[in-house]
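# Report on the structure
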Amino acid sequence: MEARLRTVLPDQELLRLYEQMFVSREFEERCAEQYTKGHITGFLHLYSGQEAVAVGATAGLHRDDYILSAYREHAQAIVRGADPRRVMAELFGKATGICKGKGGSMHLFDPSINFMGGYAIVGGQFPISVGLAFAARYRGEDRIAACFFGDGAVNQGTFHESLNWAQLWQLPVLFICENNFYGIGTEVHRSSALASIHKRTCGYDMPSEKVDGMDVIAVYRAVKYAAEKVRETSRPYFIEATTYRFRGHSMADPAKYRSAAENEMWKARDPLPNYAKRLIEEDVATREALGAIEARCRTSVDEAVKFAEESPWPEDSAVWEDIYV
Amino acid sequence: MSEMTYRDAVNLALKEEMRRDASVFVLGEDVALYEGSFKVTRGLLAEFGEERVKDTPISENTIIGVSIGAAMGGLRPVAELMTVNFALLAMDQIVNHMAKIRSMFGGQTFLPMTIRMPGGGGSQLGAQHSQSLETYFMHCPGMYVLYPATPADAKGLLKSAIRNNNPVIFLEHELLYNSKGEVPEDPEYSIPIGKADVKRPGEDVTIVAYARMSILALEAAEELAKDGISCEVLDLRSLAPLDEAAILASVRKTGRAVVIEECWRTCGLGAEITSRIYENCFDILKAPVKRISGLDVPMPYSRKIEKICIPQPVNIRQAVMDVMSGEY
């Protein structure tokens, strides 16, 4: 039985989750549009469909907690508080981008909000998350490291090395696997001997659980519980959130390896309309109130695109900057 | 000044920097209880305790990744990779992450971390434990590469590396650990990164070398002096950044150059240095530049043939005489 929304969070917070999911979706869909126009180039991996994971998880963390992710990370950065204008400018390759146009879609970073990076080598963020958690403990800071990754990353050596290490050193790391069932075009059963990913942690004696990654409230509750557990015990914890990306792996991928029936099944579980329905059914908001939120999100993304379009390109001299201190 | 081994000089630099700065910590395979497989971390666990001297699993890639995270989180890690050969397991974190993070994140963070790696050949350890991989690291922008020849330089350079806010690869030559030399006792003594050192001034020919090759070059220069040939031995100390100005200044003075590298010849650092000499000093060269390199082979075990694969003083003497005679 699902918990009534108001027993979980106050109205304002419940609506904020909706707003964050909506702005994430809107941002990604506008990215796709700008990519087809040629304004965004290079690799572009969109998050549409997975919003409940980033939004629910971020709500379950403290602002001081570190967040690291892979290369499908626009939503994680924006939900954490990155300025959508500067994220869009980064995707456009402009000097005003969040990484001055040096990073691009896959390498967002904003230490002012403890968003410690998007990493584009699969599994690269595992040990870095462990190191940040060690630094936090060493310095006596009350924060944990939340490490997001996909189902494809769990067969990298760094996954096993880092799970072992985090448990061995008793470090506050929350591993959050966004299982969207595909590593590019390879379905999880074709890459993992044990496709039920949360069970992988038994080799490291690490507690884990599986959660419905299409339900923002379920993710929020699981992550909040897990994060507090990690904080209290200074031990790692593992969450597998099952989810689905509505688009291909990247803009270059038409996703022909997935059946129409499978797509339809997951589209019916789209976290946005389903959550909107609950908000209305439980009298947290009217359709009109949600419409006002949606309009605000669209305006915000419009402004982001405009900002990116009007921003200057980096100077040529920038190629030699910011490599060494 | 006091006389000590290269090993003890590295050890002293670690201790001094750990005493000076509580954010410095050491991690690596067998560095704590076992005190390092080359005993370089002797006494650290006893003095600094378990939170600052960390034994790690045999997970080289993660040793570097954890160091990156720790550096990003405000610490100053000094990682030991048991030998440079094992760095190949960590090249993802070294090259794809450590060397890129500051730049690709727009300068919003920095990684004040050092990776110590014993390396080099000549101990009959076979193909997988005898490599000289300095060129691999030099090739990649975004990090510094240091490789000292003497105990004094080892101490001074390691202190600079640990205090530096960039990632530093700090190579130590396994065959130099027991070599002795005078080392300044001043805990503030350090050697600047990026500065080569004229270990022996001379007039006729410049020998450009580094680490153990500098020691062999000095031996060769001593012998050659008896034959009336005056060699200038330039010890690079920093491989990245490379002190090109010092190399060119010395070659402009002598008009001749022999470049020695312990690593493989093909695309080795000797090729890079030789190229820079030709690009900048062609007009004043009195003879073609000569390279002495490790042979382009996987290192054999047998001591009779291992020796052939690593530059020896006799090779250096011959190269200098060839350059002096104009024969090539």
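Values in this document were obtained by computation on a predicted structure and should not be read as measured data.

Cut-off values and rules
- Position numbers for residues start from 1 in each chain and track the written sequence from start to end.
- Key to labels: chains lettered from A, ligands numbered from 1, both in the order written.
- Only residues with pLDDT of at least 70 are given local features in this predicted model, and only at 80 or more are side-chain atom pairs given and counted; all residues enter the totals for whole chains, interfaces and linings.
- Remark: hydrogens and water are excluded; side-chain values derive from all non-hydrogen atoms of the structure.
- Whether two strands pair depends on DSSP finding at least two bridges between them.
- In this description a helix means any DSSP run of H or I spanning at least four residues, a strand means any run of E spanning at least two, and both kinds are numbered starting from the N terminus.
- The angle between two axes is taken between their N-to-C directions and runs from 0 to 180 degrees, where each axis is a line fitted to C-alpha atoms and a helix contributes only its stretch in contact.
- Whether two residues are in contact is decided by their heavy atoms, any of which lying within 4.5 Å being enough.
- An automatic or database domain assignment supplies the start and end points of every domain.
- As a working definition, buried area equals the accessible area (1.4 Å probe) given up by two parts on being put together, with both sides summed.
- By salt bridge we mean one thing: a side-chain nitrogen of Lys or Arg within 4 Å of a carboxyl oxygen of Asp or Glu.
- The term nonpolar core refers to a set of buried residues drawn from Ala, Val, Leu, Ile, Met, Phe, Trp, Tyr and Cys, joined through side-chain atoms within 4.5 Å.
- Only protein chains enter the calculation, and the probe is 1.4 Å; a residue is then buried if its accessible area is under 20% of its type maximum, exposed if over 50%, and partly exposed in between.
- In this tally Asp and Glu are treated as negative and Lys and Arg as positive; neither His nor the chain ends contributes.
- Roughly parallel covers angles under 35 degrees, roughly antiparallel covers those over 145, roughly perpendicular covers 65 to 115, and oblique covers all other angles.
- Handedness of each helix crossing follows the sense of rotation of the near helix against the far helix: counterclockwise by less than a right angle gives left-handed, clockwise gives right-handed.
- Lys, Arg, Asp and Glu make up the charged group, whereas Ala, Val, Leu, Ile, Met, Phe, Trp, Tyr, Cys and Pro make up the nonpolar group; the residues left over, Gly among them, are polar.

### Points about the sheet that holds strand E4 (residues 173-179) of chain A
All names here are of chain A. In spatial order, the strands read E2-E1-E3-E4-E8-E7; together these six strands make up an open sheet with parallel pairing. The sheet is open, and its two edges are formed by strand E2 (115-118) and strand E7 (208-212), each paired on a single side. Going from strand to strand, the sheet's axes swing by 15 degrees on average, the running direction of each strand aside. Pairing between strand E3 (residues 145-150) and E4: six bridges, direction parallel. The residue of E4 that forms the bridge with Ala145 is Val173. Lying on the sheet, helix H7 (residues 157-168) is in contact with E3, E4 and strand E8 (237-242); it crosses E4 at an angle near 150 degrees.

### Side note on the domain arrangement of chain B
All names here are of chain B. With domains assigned, chain B is organised as domain 1 (2-183) and domain 2 (197-325). The partner domain 2 presents 25 residues to the 29 residues of domain 1 that form the contact. When the two sides are added together, the surface that domain 1 and domain 2 hide from each other amounts to roughly 2,200 Å², 63% of it contributed by carbon and sulfur. When the buried surface of domain 1 facing domain 2 is broken down by residue, Gln124, Met138 and Tyr147 rank first, second and third, together holding 27% of it. Where Lys199 meets Asp153, a salt bridge forms, and the shortest distance between an N and an O atom there is 2.6 Å. Mapped by element, the contributors of at least two residues to the side of domain 1 that touches domain 2 are helix H6 (134-138), strand E6 (144-146) and helix H7 (151-163). In terms of residue count, H6 provides more of the side of domain 1 that touches domain 2 than any other element does, four residues in total.

### Side note on the nonpolar core
One finds Leu174 and Phe175 of chain A together with Ile94 and Phe137 of chain B to be the most contacted residues of the largest nonpolar core, which totals 166 residues. Taken domain by domain, the makeup of this core includes at least three residues from each of domain 1 (2-183) and domain 2 (197-325) of chain B. Contact partners of Ile94 of chain B, with chain neighbours within four places excluded, come to Ile64, Ala87, Ala99, Ile115, Met117, Phe137, Met143 and Ile169 of chain B. Residues Met18, Val53, Ile191 and Ile193 of chain B belong to the second largest nonpolar core, which totals 33 residues.

### A few points about the side chain of Glu60 of chain B
All names here are of chain B. Looking at the element boundaries, Glu60 is found in helix H3 (residues 60-72). Buried within the structure, Glu60 lacks any salt-bridge partner; its nearest side chain of opposite charge belongs to Arg116, at an N-O separation of 14 Å. For Glu60, the residues in contact, after removing those within four places along its chain, are Glu29, Leu81, Phe86, Leu89 and Ala90.

### Focus: the packing of helix H2 (residues 11-36) of chain A against helix H10 (residues 271-281) of chain A
Residue and element names in this part refer to chain A. Packing of H2 against H10 leaves a shortest axis separation of 10 Å and a crossing angle of 155 degrees. Regarding the angle of H2 to H10, the classification is roughly antiparallel. Between H2 and H10 lies a crossing whose hand is left-handed. Listed contacts from H10 to Leu14, Leu15, Leu17, Tyr18, Met21, Phe22 and Arg25 of H2 are Pro271, Leu272, Tyr275, Ala276 and Leu279. Each residue belonging to the contact of H2 with H10 can be placed in one class, and the counts come to eleven nonpolar, no polar and one charged.

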